Amino acid sequence: GLLRDIEFLRYNFASDRGANRAGKIILRNECTSNTYTTQVIADIIKEEAKGRFESRAAVPGHFQQGGKPSPVDRVRALRMAIKCMQHIEGYAGKTPDEIADDDYSAAVIGVNGSQVLFSPLGGPNGLEATDTDWSRRRSKKEFWLRFQAWLISSLGDPKVVVGYKMASAGDATSIRN
């Protein structure tokens, strides 16, 4: 298990001799072990590296929208993970300048309509500039936004619905930050 993985990392980092600065990603299921948490594993790897490489732990739980993932969710996540790895591998052999000039070198993967695609984060056409409502910390194009006005109107007077105001006919916006 863990010892074999650490040996693999040692071998991998020793054989690449610093030529590959892309790093490694280790994915861990949160239910794997109560003892070997993500932080414990990161600390073990850092200790075993003896300064040759660095280890950091990150738990992106805020991306999850709740509930236990269904089998379909898990298959979808696996397919998206494979697409992400293929996307990252597409930068192999490119110079740092070539990577920096590519808007898709900093991208997110997601479902848009019926397509799974990458969207650039930065630049004039990136999600940060075109699709992010920074005051509400969400996308400007959330699928459920079109239902807000209907929901509020079906509940009656919008002044009664705590936390919402009618911005214009057919548009409801949250007044909570």
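What comes next is a walk through the structure. (Residues numbered from 1 in each chain as written. Predicted model: local features only at pLDDT ≥ 70, side-chain atom pairs only at ≥ 80, totals over all residues. Heavy atoms only, no water.)

### Description of the layout of surface pockets
And then number 1: Here the second largest pocket defines a volume of roughly 280 Å³.
And then number 2: Along the walls of the second largest pocket sit 13 residues, with Leu2, Asp5, Ile26, Ile41 and Ile45 positioned nearest its centre.
And then number 3: With four residues, the single largest contributor to the lining of the second largest pocket is helix α1 (residues 2-16).
And then number 4: For the lining of the second largest pocket, the residue count by class is nine nonpolar, one polar and three charged. (1 Å grid on protein atoms, 1.4 Å probe; cavity = no way out; pocket = protein on both sides within 12 Å on 5 of 7 lines; lining within 4 Å. Points joined across faces, edges and corners; volume = space filled by probe spheres on them. Helix = DSSP H or I, 4+ residues; strand = E, 2+ residues; numbered from the N terminus. Nonpolar A, V, L, I, M, F, W, Y, C, P; charged D, E, K, R; others polar.)

### Some details on a nonpolar patch on the surface
And then number 1: A cluster of nonpolar side chains, namely Ile25, Leu27, Met85 and Ile88, defines an oily patch on the protein surface of about 450 Å² accessible area.
And then number 2: Residue placement: Leu27 occurs in the loop between α1 and α2 (38-49).
And then number 3: You can call Leu27 exposed: its relative accessible area is 73%. (Patch = residues over 30% accessible without salt bridge, like charges linked within 9 Å, V, L, I, M, F, W, Y side chains within 5 Å. Areas by Shrake-Rupley, 256 points an atom, 1.4 Å probe, with all protein chains shown as cover. Salt bridge = Lys/Arg side-chain N within 4 Å of Asp/Glu carboxyl O. Buried < 20%, exposed > 50% of the residue type's maximum accessible area, 1.4 Å probe, protein only.)

### Brief notes about the pairing of strand β2 (residues 115-120)
On a regular strand, each side chain points to the face opposite its neighbour's, so the side chains alternate between the two faces of the sheet.
And then number 1: Pairing geometry for strand β1 (residues 107-112) and β2, over six bridges, is antiparallel. Within β2, the residue paired with Asn112 across the bridge is Gln115. (Pairing = 2+ DSSP bridges.)

### Some points on a negative patch on the surface
And then number 1: Together, Asp97, Glu98, Asp101 and Asp103 make up a region of like negative charge exposed at the surface.
And then number 2: Residue position: Glu98 is located in helix α4 (residues 96-101).
And then number 3: Of the residues examined, Glu98 reaches a relative accessible area of 43% and is grouped as partly exposed. (Lys, Arg positive; Asp, Glu negative; His and termini not counted. Charge placed at Lys NZ, Arg CZ, Asp CG, Glu CD.)

### Comments concerning helix α6 (residues 145-154)
And then number 1: Those residues of α6 lying buried are Gln148, Ala149 and Ile152. Axial view of α6: buried residues confined to an arc of 90°, hence all on one face. Facing away from the buried side of α6 by over 90 degrees, the exposed positions are Arg146 and Trp150. (Arc of directions from axis to C-beta.)

### Concerning the nonpolar core
And then number 1: Counting residues in each nonpolar core, the largest one holds six residues, listed as Ile6, Leu9, Ile41, Ile45, Ala49 and Phe53.
And then number 2: Among the elements of the structure, α1 and α2 are those that each provide at least two residues to this core.
And then number 3: With three residues, the single largest contributor to this core is α2. (Core = buried A, V, L, I, M, F, W, Y, C linked by side-chain atoms within 4.5 Å.)

### Observations concerning the side chain of Asp131
And then number 1: Tracing the backbone through its elements, the reader meets Asp131 in the loop between α5 (127-130) and β3 (132-133).
And then number 2: A polar atom in the side chain of Asp131 sits 3.0 Å from the side chain of Ser139.
And then number 3: Aside from chain neighbours lying at most four places away, what touches Asp131 is Gly126, Arg138, Ser139, Lys140 and Lys141. (Polar contact = N/O pair within 3.5 Å; in protein donor to acceptor, adjacent residues only side chain to side chain. Contact = heavy atoms within 4.5 Å.)

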